[in-house]
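The chain contents come next:
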Amino acid sequence: SSILYHYFTFLCKKVPPLGPMPNEDIDTKNLESLKKYGSYTRYFKQAEEAKNKPVWWKTYKGYMDIADPEHGAEKVDIGLPYVRSRKIKEVRERRQMLKDNKKNAELERAFRLRTFKISLDRVQEAWENDDRPRHVKRLAEHYGVFRDLFPMAYFLPQVTLRICYSQENSSQVYYGNQLTPTEVASAPHISFSAEEGSLWTLLLTCPDEHLLDNEAEYVHWLVGNIPGGAVQAGEELCHYLPPFPARGTGFHRYIYVLFKQDGPINFQDDARPSPCHSLVDRTFKTVDFYRKHQDSMTPAGLAFFQSQWDESVTNTFHNMLNMREPVFEFIRPPVYHPPQVKYPHRQPLRYLDRYRDGKEHTYGIY
C-alpha cells in the first residue's frame, strides 16, 4: 500500500510549466491598480502585439496546422470581380423613399385598411440586383458545392440562371430544391442575361453519383461556345443524360455551373462521342476541367437541385446505360435479446416468443 501511495503522489505532483504563463505578472488581488486602456484602438493594438509575440506553448491552430496543412487556409475567389453599389448611396435612397412613403396619404390609407399589395416581381428584382449573389454563395457553401467542385476556391454567382424542365414553370431549378428523376428526364429550357457577342460554357455535373470513385463525378451535360444566351446554338460536347441516383443512396446534388469565356475555345479534347452512354466516358472532374481552361473562362452562374431514386431510374440503367441497376441496402444487425431467464418477472406475455425457433416472428419488438 505504501508503494501505491508514493506512486500516486508522484503522479499528482504539480509539474512546473516550461515557461512563463499568460497574465502571470498581473496581481489578481489588486485589479484596480491595473492601467486602463482608455480606448478600443489602444486595446486592439496591444492585443495584436501580444498575438504576434512568440510563446512556448502551442495553440489550437498550431496543432491543426500539423495535422491538416490546409486547415484555416484562405480560399481563393475565382469568379468575376464583384462591384457593389456604394452603401452610403443606398442608405440615402432608402431614407428618401421612407420620407416619400410617409407623405403619401393613399399609401397610408391602404396600409390602415390592409388593402396594400406588394409586388413580388419588384421584390424578386430588388433581391436579384442586390443580395442574390451573396445569398446563393452561402447556400452553395451550405450544400458543399464549392468544397466538392472547386476545392479551396469559391465564386460569387453574378449571372442568374433560369432553368425550367416544364412549360408550366412547375419544375424549376433554384438552389437546392428537390426534383424527381421523372421531372428532369429531358433537357431543360435555360435562359440567362448575356451581352451580345459573348461566349459561355454550361456544365451539369453530379459529385455524389459515381459508382466507383468517391472523388469523381459524372458529367450529365456539357455545352461550350454558347453565343449570347442561346444554349441551343452552342457546341454540345456531351449530350444530356437524365439523373440516375442509385436506389438506397439518398439525395444527390445536380449542379449547373455557367462559365463566361474570354473568347472561342477549342474543346476537341473535352468532347464525348455521341451518343455517350458509357459511364467511363462520362467520368469527370470539374476542378480538372476548370484548371485546364482557367485562362480562358471564369465561373459566373450557379444553380442546383437534389434528386433521389424513383422508377424512371431503373429505365435509365436498363435502356440508356445498358447495365444492371445497382441497389444499395442497409443490412440491419439482428435484434439483441438478453439471455433467457427461467422465471421472468414483470415481462410481457409473449416473452418466450423472443427465444422461440421456427417461423419469422409476427409480433412487435418489445
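Residues numbered from 1 in each chain as written. Predicted model: local features only at pLDDT ≥ 70, side-chain atom pairs only at ≥ 80, totals over all residues. Heavy atoms only, no water.

- In the annotation of an unreviewed UniProt entry, the entry for the protein chain reads Large ribosomal subunit protein mL38, and the organism field reads Amphiprion ocellaris.
- UniProt lists a comment for the protein chain under the heading Subcellular location (unreviewed entry), and it reads "Mitochondrion".
- UniProt lists a comment for the protein chain under the heading Sequence similarities (unreviewed entry), and it reads "Belongs to the phosphatidylethanolamine-binding protein family. Mitochondrion-specific ribosomal protein mL38 subfamily." (UniProt positions renumbered as here; feature names shortened; annotations may be inferred.)

## Quick look at the overall build of the protein chain
And then number 1: When helices and strands are tallied, the protein chain shows 11 helices and 12 strands.
And then number 2: On C-alpha atoms alone, the protein chain measures out to a radius of gyration of 31 Å, which is more than a quarter above the 21 Å that the 2.2 N^0.38 rule sets for 366 residues.
And then number 3: For the protein chain, the spread of C-alpha atoms along the three principal axes comes to 90 × 80 × 60 Å.
And then number 4: A buried classification covers 33% of the 366 residues belonging to the protein chain.
And then number 5: Long-range contacts, defined here as pairs at least 24 residues apart, represent 71% of the contacts in the protein chain between residues at least 6 apart.
And then number 6: Within the structure as shown, the protein chain displays about 26,500 Å² of accessible surface, and the carbon and sulfur contribution to it stands at 53%. (Helix = DSSP H or I, 4+ residues; strand = E, 2+ residues; numbered from the N terminus. Rg over C-alpha atoms; globule rule 2.2 N^0.38 Å. Buried < 20%, exposed > 50% of the residue type's maximum accessible area, 1.4 Å probe, protein only. Contact = heavy atoms within 4.5 Å. Areas by Shrake-Rupley, 256 points an atom, 1.4 Å probe, with all protein chains shown as cover.)

## Overview of helix α10 (residues 286-293)
And then number 1: Every buried residue of α10 is accounted for by Thr286, Val287, Phe289, Tyr290 and His293. Each buried residue of α10 sits inside an arc of 160° when the element is viewed along its axis, so together they form one side.
And then number 2: Residues of α10 that are buried make contact with α8 (145-149), β7 (199-206), β8 (217-227), β10 (252-261), β11 (283-284) and β12 (297-307). (Arc of directions from axis to C-beta.)

## With respect to the packing of aromatic side chains
And then number 1: For the structure shown, the criterion picks out 21 aromatic pairs.
And then number 2: Ring geometry for tryptophan 56 versus tryptophan 57: centroids 5.4 Å apart, planes at 85°, classification edge-to-face.
And then number 3: Ring plane angle 55° and centroid distance 6.5 Å describe the contact between tyrosine 165 and tyrosine 240, whose orientation is recorded as tilted. Here tyrosine 165, found in the loop between β3 (162-164) and β4 (172-173), pairs with tyrosine 240, found in the loop between β9 (235-238) and β10; they are 75 residues apart in sequence, far enough to count as distant.
And then number 4: Of the residues examined, tyrosine 240 reaches a relative accessible area of 11% and is grouped as buried.
And then number 5: Counting every residue linked through ring pairs, the aromatic cluster contains Phe146, Phe150, Phe155, Phe259, Phe267, Phe284, Phe289 and Tyr290.
And then number 6: Lying over the aromatic face of tryptophan 309, arginine 247 brings its terminal NZ or CZ to 4.4 Å of the ring centre. (Phe/Tyr/Trp six-rings, centres within 6.5 Å; stacked < 30°, edge-to-face > 60°. Lys NZ or Arg CZ within 6 Å of the ring centre and 35° of its normal.)

## Some details on unusual backbone geometry
And then number 1: Of note, the bond from serine 274 into proline 275 is cis; its omega dihedral lies within 30 degrees of zero at 0°.
And then number 2: Inspection of the secondary structure puts proline 275 in the loop between β10 and α9 (279-282).
And then number 3: Even without being glycine, methionine 152 reaches a positive phi, approximately 60°.
And then number 4: You can see methionine 152 is positioned in the loop between α8 and β2 (153-154).
And then number 5: A relative accessible area of 28% places methionine 152 in the partly exposed class.

## Points about the sheet that holds β4
And then number 1: As summarised here, the arrangement of the 3 strands in space is β4-β3-β6, forming an open sheet in which the pairing is antiparallel. Edge strands, defined here as strands with exactly one partner in the open sheet, are β4 and β6 (189-191).
And then number 2: Inspection of the sheet shows β3 paired to β6 by 3 bridges, in the antiparallel sense. Following the sheet pairing, cysteine 164 is matched in β6 by histidine 189. (Pairing = 2+ DSSP bridges.)

## Concerning the environment of aspartate 77
And then number 1: Note that aspartate 77 resides in strand β1 (residues 76-77).
And then number 2: C-alpha separation for the pair aspartate 77 and threonine 180, spaced 103 residues apart in sequence, amounts to 33 Å.
And then number 3: Beyond its immediate stretch of four places on either side in the chain, aspartate 77 contacts Tyr154, Phe155 and Leu156.
And then number 4: Looking at aspartate 77, its side chain comes within polar contact range of the main-chain nitrogen of glycine 79, at 3.0 Å. (Polar contact = N/O pair within 3.5 Å; in protein donor to acceptor, adjacent residues only side chain to side chain.)

## Considerations on the nonpolar core
And then number 1: Grouped together as the largest cluster of nonpolar side chains are 50 residues, with contacts concentrated most on Phe150, Tyr165, Ile190, Trp221, Tyr256 and Leu302.
And then number 2: When residues of this core are traced back to their parent elements, those giving at least two are α7 (132-142), α8, β7, β8, β9, β10, α10 and β12.
And then number 3: With residues up to four places along the chain from it excluded, the contact list for phenylalanine 150 reads Ile78, Val145, Phe155, Val257, Phe259, Thr286 and Tyr290.
And then number 4: Counting residues in hydrophobic clusters, the runner-up holds 7 residues, among them Tyr218, Leu241, Leu279 and Val313. (Core = buried A, V, L, I, M, F, W, Y, C linked by side-chain atoms within 4.5 Å.)

## Structural notes on the pattern of salt bridges
And then number 1: Counting across every chain of the model gives 9 salt bridges.
And then number 2: Salt-bridge contacts for lysine 137 lead to glutamate 141; the nearest nitrogen and oxygen are separated by 2.8 Å. Taken together, the residues lysine 137 and glutamate 141, both in helix α7 and 4 residues apart, mark about one turn of the helix.
And then number 3: When the shortest N-O distance is used, the salt bridge between aspartate 208 and arginine 253 registers 2.6 Å. Taken together, the residues aspartate 208 in the loop between β7 and β8 and arginine 253 in strand β10 connect sequence positions 45 residues apart.
And then number 4: Taking relative accessible area as the criterion, arginine 253 reaches 9% and is therefore assigned buried.
And then number 5: The network of salt bridges with shared partners includes Arg147, Asp148, Asp208 and Arg253. (Salt bridge = Lys/Arg side-chain N within 4 Å of Asp/Glu carboxyl O.)

## Details of the packing of helix α6 (residues 120-130) against α7
And then number 1: One can describe the packing of α6 onto α7 by two numbers: an axis separation of 5 Å at closest approach and a directional angle of 75°. On the basis of their axis angle, the class for α6 and α7 is roughly perpendicular. In this structure, α6 contributes Trp127, Glu128 and Asp130 to the contact, and α7 contributes Arg132, Pro133, Arg134 and His135.
And then number 2: Broken down by class, the residue content of the contact of α6 with α7 amounts to 2 nonpolar, 1 polar and 4 charged. (Axes fitted to C-alpha atoms, helices over the stretch in contact; angles between N-to-C directions. Parallel < 35°, antiparallel > 145°, perpendicular 65-115°, else oblique. Nonpolar A, V, L, I, M, F, W, Y, C, P; charged D, E, K, R; others polar.)

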